[in-house]
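An overview of the molecular structure
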Amino acid sequence: MIEKILNDAIRTIPNFPKEGIMFKDITTLLNNSEAFKALIDFLKERYENKEIDFVAGIESRGFIFGSALAYALGVGFVPIRKKGKLPYKTIAEEYELEYGTDEVEIHIDAFRDIKNAKVLLIDDLIATGGTAAAAVNLIQKVDAKVVEACFIIELEFLQGRDKINAPVFSIIKEK
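Attention here is on the structure that accompanies the text. (Residues numbered from 1 in each chain as written. Predicted model: local features only at pLDDT ≥ 70, side-chain atom pairs only at ≥ 80, totals over all residues. Heavy atoms only, no water.)

1. Considering the overall build of the protein chain
Note the threshold: Put simply, DSSP marks the helices as runs of H or I at least four residues long and the strands as runs of E at least two long, and each gets a number from the N terminus on. Each radius of gyration reported is based on C-alpha atoms, and the globular scaling rule is 2.2 Å times the count of residues to the power 0.38. Buried, partly exposed and exposed residues are distinguished by accessible area as a fraction of the type maximum, computed with a 1.4 Å probe on protein chains only: under 20%, between the cut-offs, and over 50%, respectively. Note on contacts: a residue pair qualifies if any of its non-hydrogen atoms lie within 4.5 Å across the two residues. The method behind every accessible area is Shrake-Rupley, applied with a 1.4 Å probe, and residues are considered shielded solely by the protein chains displayed. Only four residue types enter the tally: Lys and Arg on the positive side, Asp and Glu on the negative side; His and the chain ends are excluded. For this purpose, a charge sits on NZ of Lys, CZ of Arg, CG of Asp or CD of Glu.
Looking only at helices and strands, one finds 5 helices and 9 strands in the protein chain. A compact globule built from 175 residues would reach a C-alpha radius of gyration of about 16 Å, and the protein chain, at 16 Å, matches this within 12%. If one aligns the C-alpha atoms of the protein chain with their principal axes, the spans along those axes are about 45 × 40 × 30 Å. In the protein chain, buried positions account for 42% of the 175 residues. When contacts within the protein chain are restricted to residue pairs at least 6 apart in sequence, long-range pairs at least 24 apart make up 56% of them. Accessible area of the protein chain: about 9,500 Å², with a carbon and sulfur share of 49%. Within the protein chain, the 28 negative side-chain charges are centred at a point lying 2 Å from the centre of the 23 positive side-chain charges.

Right, dumping it as structure tokens:
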């Protein structure tokens, strides 16, 4: 049911940002109040009994879903950002790109000194898994536990979930 609602609400744009890519545009999900509410309600129901302390979202679309879900669950939200974007002391994790590397960061006190904080990581899409794997590693480095890494869309053919050192859940699976 939720998969159909989301598939109907997400626009696919062929050949963006380059030839051969079928881009999943979530802006049409975000501006569809019924679909967006159905998604957050679905995720709230999935996670409300898992004793989650925080939702962490990966820049930038993970911020949208993560903050809405954190609000619905009544827990804090933690941003995981690209290098140089967070104002306080951070730790960083490097990951591989198609051509080169990139880094993501988290504040060293992101989980307010809660020992073994239970964290749900969320982003809109998992492709090759590099960014998500780096985010999981960051969360673990600040002594928190990733309960699950959640994605709205998973490009299964890229096998990104295999890189992630945590349970993975995705709603839409593109084969």
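2. Notes on the packing of helix α1 (residues 2–9) against helix α3 (residues 33–47)
The condition is simple: Axes here mean lines fitted to C-alpha atoms, for a helix over just the part in contact, with angles spanning 0 to 180 degrees between N-to-C directions. Put simply, a crossing is left-handed when the front helix is turned counterclockwise from the back one by less than a right angle, and right-handed when it is turned clockwise. Only Asp, Glu, Lys and Arg are considered charged, only Ala, Val, Leu, Ile, Met, Phe, Trp, Tyr, Cys and Pro nonpolar, and every remaining residue, Gly among them, polar.
Contact pair α1 / α3: the axes reach a minimum separation of 10 Å and the direction vectors enclose 145°. Crossing handedness for the pair α1 and α3: left-handed. Between α1 and α3, the residues in contact are Ile2, Ile5, Leu6 and Ala9 and Ala35, Ala38, Leu39 and Phe42, respectively. Looking at side-chain class alone, the contact of α1 with α3 contains 8 nonpolar, no polar and no charged residues.

3. Focus on the pattern of salt bridges
The line we're drawing: Salt-bridge detection follows one rule: a side-chain nitrogen of Lys or Arg within 4 Å of a carboxyl oxygen of Asp or Glu.
Applying the stated rule across the entire model yields 12 salt bridges. Between glutamate 93 and lysine 141 there is a salt bridge; the shortest N-O distance is 2.5 Å. With glutamate 93 in strand β5 (residues 90–97) and lysine 141 in helix α5 (residues 130–141), this residue pair connects regions lying 48 residues apart in the sequence. On the basis of relative accessible area, glutamate 93 is assigned to the buried category, the value being 14%. A salt bridge links glutamate 154 to arginine 161, with the shortest nitrogen-to-oxygen separation between them at 2.8 Å.

4. A look at the environment of threonine 90
We count it as follows: Polar contact criterion, stated in full: a pair of N or O atoms within 3.5 Å, where within protein one must be able to donate a hydrogen and the other to accept it, and residues adjacent in sequence count only if both atoms are side-chain atoms.
Mapping threonine 90 onto the fold places it in strand β5. Threonine 90 gets classed as partly exposed once you look at its relative accessible area, which sits at 26%. Measuring from C-alpha to C-alpha, the distance between threonine 90 and leucine 138 comes to 9.8 Å, with 48 residues separating the pair along the chain. A polar side-chain atom of threonine 90 sits 3.2 Å from a polar atom in the side chain of glutamate 105.

5. Concerning the sheet that holds β5
Selection rule: Here, strands pair whenever DSSP counts at least two bridges between them.
A sheet is described by the order of its strands in space; here 7 strands give the open sequence β5-β6-β4-β3-β7-β8-β9, paired in mixed fashion. In the strand order of this sheet, the two ends are held by β5 and β9 (168–174), each with one partner. Strand-to-strand, the axes of this sheet are offset by a mean angle of 20°, without reference to chain direction. In this sheet, β9 lies alongside strand β8 (residues 145–155) in parallel orientation, the contact comprising 6 bridges. From the neighbouring strand, alanine 149 faces β9, where its bridge partner is valine 168. Along the sheet face, α5 touches β3 (54–58), β4 (76–82), β5, β6 (100–107), β7 (118–126) and β8 and points at about 155° away from the line of β5.

6. Details of the packing of aromatic side chains
A ring pair, where both rings are aromatic, is described by two values, the distance of the centres and the angle of the planes. For clarity, the threshold we go by: Under the pairing criterion, centres of Phe, Tyr and Trp rings, with the six-membered ring standing for Trp, must be within 6.5 Å; the plane angle then separates stacked pairs below 30 degrees from edge-to-face pairs above 60, leaving the rest tilted. Over a ring means this: the NZ of a Lys or the CZ of an Arg is within 6 Å of the ring centre and within 35 degrees of the ring normal.
What the rule picks out here adds up to 5 aromatic pairs. Here the aromatic rings of phenylalanine 42 and phenylalanine 169 are separated by 6.3 Å at their centres, their planes lie at 25°, and the arrangement is stacked. Taken together, the positions of phenylalanine 42 in helix α3 and phenylalanine 169 in strand β9 put the pair 127 residues apart, joining distant regions of the chain. Aromatic pair phenylalanine 63 and phenylalanine 77: ring centres 6.0 Å apart, planes at 80°, arrangement edge-to-face. Highlighted residues: phenylalanine 63 in helix α4 (residues 61–73) and phenylalanine 77 in strand β4, separated in sequence by 14 residues. The ring of phenylalanine 169 carries the charged tip of arginine 46 above its face, separated from the ring centre by 3.6 Å.

Purely geometric numbers; function is a separate question.
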